[in-house]
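As a plain string of letters, each chain reads:
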Amino acid sequence: SRLLSDYCKRFSLPHFSASGVEAAVKIAKEQATFNDTILFSPGCASFDEFRDFEERGEFFKRRALFYASENKKAV
């Protein structure tokens, strides 16, 4: 959300903005280092990107599992 981004800027907190959940997952994966934990905790609505919170959660779960398996292949 714009307000959250403004807050982070105001207090010099590191943050990233994404155009949607897929982009956010990709950014999180790219920024993560070994043994990092990525917590998916939306701070606002999905703006009709998903039918409901369950569909959004399932989407994230599928993407997280995909990236996790991708990392195992790269090792």
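Up top is the structure.
For the structure given in this document, a descriptive report is provided here. Predicted, not measured: the structure shown is a model, and the values here were computed from it. (Residues numbered from 1 in each chain as written. Predicted model: local features only at pLDDT ≥ 70, side-chain atom pairs only at ≥ 80, totals over all residues. Heavy atoms only, no water.)

## Considering the overall build of the protein
Thinking step 1. Secondary structure assignment for the protein yields 3 helices and 0 strands.
Thinking step 2. When the 75 residues of the protein are sorted by exposure, 15% land in the buried category.
Thinking step 3. In the form shown here, the protein has an accessible surface area of approximately 6,400 Å², with 57% of it arising from carbon and sulfur atoms. (Helix = DSSP H or I, 4+ residues; strand = E, 2+ residues; numbered from the N terminus. Buried < 20%, exposed > 50% of the residue type's maximum accessible area, 1.4 Å probe, protein only. Areas by Shrake-Rupley, 256 points an atom, 1.4 Å probe, with all protein chains shown as cover.)

## Some details on unusual backbone geometry
Thinking step 1. In this structure, Ser12 takes a positive phi of about 55 degrees despite not being glycine.
Thinking step 2. With respect to the helices and strands, Ser12 occurs in the loop between α1 (2-10) and α2 (21-31).
Thinking step 3. Backbone geometry places Asn35, a non-glycine residue, at a positive phi of 70 degrees.
Thinking step 4. For Asn35, the location among the structural elements is in the loop between α2 and α3 (53-74).

## Considerations on the pattern of salt bridges
Thinking step 1. Applying the stated criterion across every chain, the model contains 2 salt bridges.
Thinking step 2. Among the ionic pairs, Arg63 bridges to Glu22, the shortest N-O distance being 3.0 Å. Remark: Glu22 occurs in helix α2 and Arg63 occurs in helix α3; sequence separation between them is 41 residues.
Thinking step 3. Residue Glu55 pairs with Arg51 through a salt bridge whose shortest N-O separation is 3.5 Å.
Thinking step 4. In this structure Arg51 comes out as exposed when scored by relative accessible area, which is 67%. (Salt bridge = Lys/Arg side-chain N within 4 Å of Asp/Glu carboxyl O.)

## Digging into the nonpolar core
Thinking step 1. Of all hydrophobic cores here, the largest spans 6 residues; its members are Val21, Val25, Phe50, Phe59, Phe60 and Tyr67.
Thinking step 2. Among the secondary structure elements, those contributing two or more residues to this core are α2 and α3.
Thinking step 3. If sequence neighbours within four positions are ignored, Phe50 has contacts with Val21, Glu55, Arg56 and Phe59. (Core = buried A, V, L, I, M, F, W, Y, C linked by side-chain atoms within 4.5 Å. Contact = heavy atoms within 4.5 Å.)

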